[in-house]
Structures are given as structure tokens and as C-alpha cells.
Amino acid sequence: MNKPICSTGLRWLWLVVVILILDLGSKHLVLQHLALYNPIPLIPSFNLMYAQNLGAAFSFLADKGGWQRWFFALIAIVISVVLMVMMYRSSAKQKLSNIAYALVIGGALGNLFDRLVHGFVVDFIDFYVGEWHWPTFNIADSAICIGAALIIIESFISQDDKKAVPKA
């Protein structure tokens, strides 16, 4: 039983492409124009700073000798495939979940590209307060976090509430 792609959640894959373009484009600019660990202040509490992340979120497992590169690459591939299957099985009208899945896929693929091409993830967004700095991150990380938050929010919406929402 084949469904037309436009009737499935795969209709939202254009968002994956947008995330990839923004993420990979910004990382290309960072690699071309910023020096490693040399912050450029933009506004108070916000710098652009090129950093290399060998691990996952918050540099998790960054100091483990290299095997984590392939482990996190495999995780990104598996998550992307699983979410695309979920998108295929869902209706294109399930906007919130499909947007969330597309954001996670786009972010996962952006960071996967870095791991495979560079051996590390390019991070460059640096927020701080005084001497305290939030771990440096990138657009892919932001997309993953927003997508994960949307998945959590969507899980709290009951099926009855979803049916009660007027359709545009």
C-alpha cells in the first residue's frame, strides 16, 4: 500500500533541507573566517567563537580517544531513519510532530556531516554571564533541542485535544 508522499509527514522534509543549509552554511563561514577559540563579541553576553566538539552534547565523551565519533555518527543515522519512517507513517496534517521530527533530522544530519568530514562538530554560538559560559553550540544543536522540546510538548496534548483544534 503506497501513499502519496505529499499526504505523509515526509512532506515536511523541506525543513530538513533548510536546517542543513543554515547549519552547514554557517559552519563553512566559521571555518573560513574565525580562529579556533578566539571569541568575537557581538553583544553583551554573546560571542561568536569557533570551537571543536569531539563528543556529543556538552562535549559528552569528548575525551574518549576517537571511537565516539563513529558511535555518534551511527546514532545520528539510526535516529534519522527512525524519524523518517515515523514521518512516512504519519499524516502531513500532523504538523507539530512532523516539524519536530524534521528539526531533529536536520540537526542530526548537520552534525553527522561534521563528524564524517572534519572528525569533530563545529560549534560557534557562545552565550555567557560574567565568567560563566554556556557550552558552545551551533544551529544543528538548536534545531535538535527545539525539535525535542516540540516532541515533548506534543506528547502532553491528548488525542481529544488534537481533534478539538480547528483545522486551517
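Residues numbered from 1 in each chain as written. Predicted model: local features only at pLDDT ≥ 70, side-chain atom pairs only at ≥ 80, totals over all residues. Heavy atoms only, no water.

## Notes on the sheet that holds strand β4 (residues 132–133)
Taking strand neighbours across the sheet as the criterion, the 4 strands line up as β1-β2-β3-β4 in an open arrangement whose pairing is antiparallel. A strand with exactly one partner marks an edge of an open sheet, and here the two such strands are β1 (40–43) and β4. Taken together, the 2 bridges between strand β3 (residues 121–129) and β4 define a ladder with antiparallel strand orientation. Note on β4: the bridge partner recorded for V129 is W132. (Pairing = 2+ DSSP bridges. Helix = DSSP H or I, 4+ residues; strand = E, 2+ residues; numbered from the N terminus.)

## Notes on the UniProt feature "active site" (unreviewed entry) in the protein
UniProt annotation of "active site" (unreviewed entry) refers to D123 and D141 when read in the numbering used here. For the annotated residues, spread through 19 residues, the largest C-alpha to C-alpha distance comes to 8.9 Å, consistent with a single compact locus. Exposure remark for D123: the relative accessible area of 3% places this residue in the buried category. Once residues within four sequence positions are removed from consideration, D123 is found in contact with M49, Y50, A51, N53, T136, F137, N138 and D141. Structurally, the position occupied by D141 is in helix α4 (residues 139–156). Reaching out from D141, the side chain makes a polar contact with the side chain of N111 at a distance of 2.8 Å. (UniProt positions renumbered as here; feature names shortened; annotations may be inferred. Buried < 20%, exposed > 50% of the residue type's maximum accessible area, 1.4 Å probe, protein only. Contact = heavy atoms within 4.5 Å. Polar contact = N/O pair within 3.5 Å; in protein donor to acceptor, adjacent residues only side chain to side chain.)

## Considering the packing of aromatic side chains
Under the defined criterion, the tally for this structure stands at 4 aromatic pairs. Measuring from ring centre to ring centre gives 6.0 Å for W12 and W14, while their planes differ by 35°; the resulting arrangement is tilted. Given the relative accessible area of 15%, W12 is considered buried. A residue is classified by how much of its surface remains accessible, and W14, at 48% relative accessible area, is partly exposed. Centre to centre, the rings of F46 and F127 are 4.9 Å apart; their planes meet at 40°, and the pair counts as tilted. Taken together, the residues span a long stretch of sequence, with F46 in strand β2 (residues 46–53) and F127 in strand β3 at a distance of 81 residues. Using a relative accessible area of 15% as the deciding quantity, one classes F46 as buried. Take F127: its relative accessible area is 38%, and that puts it in the partly exposed class. Within the aromatic cluster, the residues linked to one another by ring pairs are F46, F127 and F137. (Phe/Tyr/Trp six-rings, centres within 6.5 Å; stacked < 30°, edge-to-face > 60°.)

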